[in-house]
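# Results of the structural survey
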Protein chains: 2
Amino acid sequence: MTERTAAHAGGNQRRKRPTMLDVAREAGVALRTVSRVVNNDPTVGPELAARIRQAILALDYAPDEQARQLRRGVSGIIGAAVRNLSDAHPVLSSVDRTARENRMTVLAMSTEDEEQRERDAVLSMCRRRVDGIIMEPISTNHQYLASEIESGMPVVAVDRPTGGVAADAVLSDNAAGIGLGFRHLVLHGHQRIAYIGDQERVFTGRERAAAFRACTAANGGTLEGRVHTGVIEPAFIAAALAATLGGDLPATALITGNAQTTIEVLRQLGSAAGDVAIVGFDDFLLADLLRPGLTVVAQDSATIGRTAIELLLARAADHSRPVQTVTVPVELIARGSGELPPR
Amino acid sequence: MTERTAAHAGGNQRRKRPTMLDVAREAGVALRTVSRVVNNDPTVGPELAARIRQAILALDYAPDEQARQLRRGVSGIIGAAVRNLSDAHPVLSSVDRTARENRMTVLAMSTEDEEQRERDAVLSMCRRRVDGIIMEPISTNHQYLASEIESGMPVVAVDRPTGGVAADAVLSDNAAGIGLGFRHLVLHGHQRIAYIGDQERVFTGRERAAAFRACTAANGGTLEGRVHTGVIEPAFIAAALAATLGGDLPATALITGNAQTTIEVLRQLGSAAGDVAIVGFDDFLLADLLRPGLTVVAQDSATIGRTAIELLLARAADHSRPVQTVTVPVELIARGSGELPPR
DNA sequence: TTGAAAGCGCTAACAG
DNA sequence: CTGTTAGCGCTTTCAA
């Protein structure tokens with residue numbers, strides 16, 4: 001690591017920031033009048049307004065949002081507690097876009113899938129008096145939010161519902177997604193289909209596994225050795241793969257319950273990935289560049305993010321509106337891996 | 001999209017949030033004393049402190065960070081203006097982690113590679129009085145930040161330097177990275193190596209293209225038709241690929257200047273990707289799952305993010321310290337595509 | 001050790 | 001149309 005050091009900092013002499021009062025003095029008017037101009041209040045004489053605007057430019061004045069918002073009681077900030085900031089996070093991106101369309105900015109904090117972190121993040125957002133919170137719940141119990149919600153903090157859960165308190169939520173249609181994948185595989189000749197996915201104490205893991213069981217039963221298949229749920233780790237995936245692909249009647253097709261599972265499965269299958277049909281839940285970048293291309297059940301992140309903001313703003317506008325859960329459709333994208341015939 | 005609506009919102013009756021004064025009254029003490037307890041000031045009698053803490057719990061009081069920070073003059077927030085929030089953004093993740101280690105939170109805004117958006121984002125962060133700003137510059141001129149920097153706002157540029165104002169910066173060693181890739185390909189027998197990358201008005205595009213030219217020259221090769229820089233779009237990539245891989249003496253190896261270029265190149269090459277050796281600048285998720293695995297020059301995002309925060313905090317602590325540019329080493333990761341022999 | 005009072009920078013009643 | 005006067009919820013001199 002190389003460090004190149006310049007002669008000196010530009011702003012050695014730290015200039016004091018001008019306040020609204022400075023502008024008022026500069027323009028020879030009262031504080032209130034400056035405030036009016038800053039807020040585009042039309043009830044200011046045109047020449048006075050011009051003089052004030054000139055003073056603003058001369059002093060290079062910019063209003064202090066923190067102070068303004070303390071006074072007005074709104075922050076213009078929406079908090080987003082998401083699982084992580086590093087992986088592709090299309091929902092966060094959509095939230096950000098929609099927030100900006102509504103002249104709000106997003107304060108994102110990552111929970112790293114830890115309950116404690118979720119709690120810290122969300123409560124710190126509350127203390128910062130954000131105008132609302134969008135969260136991907138990690139905990140299953142959100143009692144700690146009860147008093148905040150009661151105080152009028154809009155909270156919208158995304159991907160999973162909250163537990164213990166009523167809050168608006170935006171969820172993907174997990175059951176339909178599994179159904180899509182399952183039927184797709186059956187249509188391509190598969191009868192022995194297995195499922196590998198997240199632990200069932202996680203909401204999505206539970207919903208998807210249940211849907212898979214229902215599909216299998218409806219299709220007249222056996223469930224024995226076909227459903228593997230657990231913490232996504234190499235060892236678990238290895239065991240699940242051995243169990244499903246080994247034996248007398250190995251599965252000819254696999255449904256993987258989320259992106260993390262899919263990726264680990266592909267990694268472990270290596271060049272054998274072409275031997276078994278795969279439909280993955282969740283789309284991800286580069287899934288189309290794999291060979292075979294990965295067939296996925298894709299969530300509609302854009303709609304999810306937009307809907308979350310809409311629910312949040314609706315609740316902020318009307319605190320007594322009924323709590324709502326919106327289910328967003330998913331879509332199957334065929335790219336090759338899900339169309340492989342049984343072998 | 002299905003909407004399920006519950007009977008009624010929990011918090012129909014919006015409860016007023018308790019203030020510090022409420023706590024003081026509840027505990028029968030002065031406001032100041034509550035403040036002391038909240039800030040862990042040891043000069044409070046133990047039993048009084050206990051009584052106050054009890055009142056805090058009873059009222060479920062949480063201090064208003066916005067007010068506290070207005071008064072103290074710090075916000076506890078670091079602004080991060082990054083190119084986007086959706087793609088994997090390892091630097092943002094590292095910034096977030098390091099910020100939290102320093103008890104600060106990150107306000108991330110995306111610039112979407114637009115100069116106007118960068119300006120809006122950064123100036124809005126300034127108005128919010130964040131404690132410092134980390135930015136991936138899009139513009140080449142940052143005069144608009146001069147007065148803010150002069151007022152003491154710490155600004156750290158990441159990936160590219162600022163223009164027109166002196167600010168700390170953290171950059172990857174672009175020249176070394178290109179050198180690593182180039183030598184790696186030469187070592188594997190390549191003499192006709194081409195470069196496809198970002199337009200040269202972008203700092204990194206310029207640095208990497210220049211380094212590639214220097215390497216080629218030092219290696220005694222021709223530059224004719226070997227360097228293609230432009231806005232990364234399918235048409236540009238198609239033209240570049242046609243030019244480098246067609247003709248009498250087609251290139252046998254490719255260096256791609258950034259992740260976006262690499263991905264588009266791979267997409268267009270399709271199954272022909274195994275015919276030409278490729279070293280990509282920038283690592284990305286799943287690069288190891290491609291076949292052949294993608295050989296990359298990887299930036300050290302963790303170090304970049306951590307260093308950015310460190311520079312920011314150092315400047316916040318000492319506004320007259322010299323401006324510094326830190327160059328972070330890169331690393332070549334061989335996965336197959338860069339080890340293909342010429343053909 | 002505790003308390004009263006004065007602001008941080010701004011907006012919002014209410015007069016003139 | 002403009003100015004005066006109170007605060008938003010908190011920290012911080014400065015006395016007691």
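Thresholds applied
- Residues numbered from 1 in each chain as written.
- Chains lettered and ligands numbered in written order.
- Predicted model: local features only at pLDDT ≥ 70, side-chain atom pairs only at ≥ 80, totals over all residues.
- Heavy atoms only, no water.
- Domains from an automatic or database assignment.
- Contact = heavy atoms within 4.5 Å.
- Buried area = accessible area lost by both parts, 1.4 Å probe.
- Salt bridge = Lys/Arg side-chain N within 4 Å of Asp/Glu carboxyl O.
- Buried < 20%, exposed > 50% of the residue type's maximum accessible area, 1.4 Å probe, protein only.
- Helix = DSSP H or I, 4+ residues; strand = E, 2+ residues; numbered from the N terminus.
- Near = heavy atom within 4 Å.
- Polar contact = N/O pair within 3.5 Å; in protein donor to acceptor, adjacent residues only side chain to side chain.
- Nonpolar A, V, L, I, M, F, W, Y, C, P; charged D, E, K, R; others polar.
- Least-squares fit on C-alpha atoms with pLDDT ≥ 70 in both.

## As for the domain arrangement of chain A
All names here are of chain A.
- What the domain assignment reports for chain A is domain 1 (3–63), domain 2 (77–171 + 301–328) and domain 3 (174–300 + 331–339).
- Relative placement of domain 2 and domain 3: their C-alpha centres are 29 Å apart.
- Contact residues are listed per partner, giving 11 residues for domain 2 and 7 residues for domain 3.
- Of all residues in domain 2, D159, R160 and S301 give up the largest surface area on contact with domain 3, accounting jointly for 43% of the area buried on that side.
- Summed over the shared surface of domain 2 and domain 3, the number is 1 salt bridge.
- Between R201 and E115 there is a salt bridge; the shortest N-O distance is 3.5 Å.

## Some details on the pattern of salt bridges
- Evaluated as defined, the whole model comprises 34 salt bridges over all chains.
- Across the pair K16 of chain A and D22 of chain A runs a salt bridge whose closest N-O atoms are separated by 3.4 Å.
- Among the residues examined, K16 of chain A registers a relative accessible area of 58% and is labelled exposed.
- Of the charged contacts in the structure, one is a salt bridge between D168 of chain B and R315 of chain B, with a shortest N-O distance of 2.7 Å. Of the two residues, D168 of chain B sits in strand β6 (residues 168–172) while R315 of chain B sits in helix α12 (residues 301–317), which places them 147 residues apart along the sequence. One exposure class covers both D168 of chain B and R315 of chain B, and it is buried.

## Focus: the protein's contact with DNA strand C
- Around DNA strand C, the structure places 24 residues, and the nearest of them are M20, Y61 and R71 of chain A together with T33 and G45 of chain B.
- One nitrogen or oxygen atom from the side chain of R71 of chain A is found 2.6 Å from a base oxygen belonging to DNA strand C.
- Secondary-structure elements contributing two or more residues to the surface near DNA strand C are α2 (31–38) and α4 (65–72) of chain A together with α2 (31–38) and α4 (65–72) of chain B.
- Ranked by residues supplied to the surface near DNA strand C, first place goes to α4 of chain A with 4 residues.
- Tallied by class, residues from the surface near DNA strand C come to 10 nonpolar, 6 polar and 8 charged.

## Some details on the relation of the copies chain B and chain A
- The two copies are related by a screw motion: chain B maps onto chain A through a turn of 180 degrees and a shift of 0.0 Å along the axis, at an RMSD of 0.1 Å. In symmetry terms, the pair is related by a two-fold rotation axis.
- Here 100% of the contact residues of chain B are again contact residues in chain A; the copies associate through an equivalent surface.

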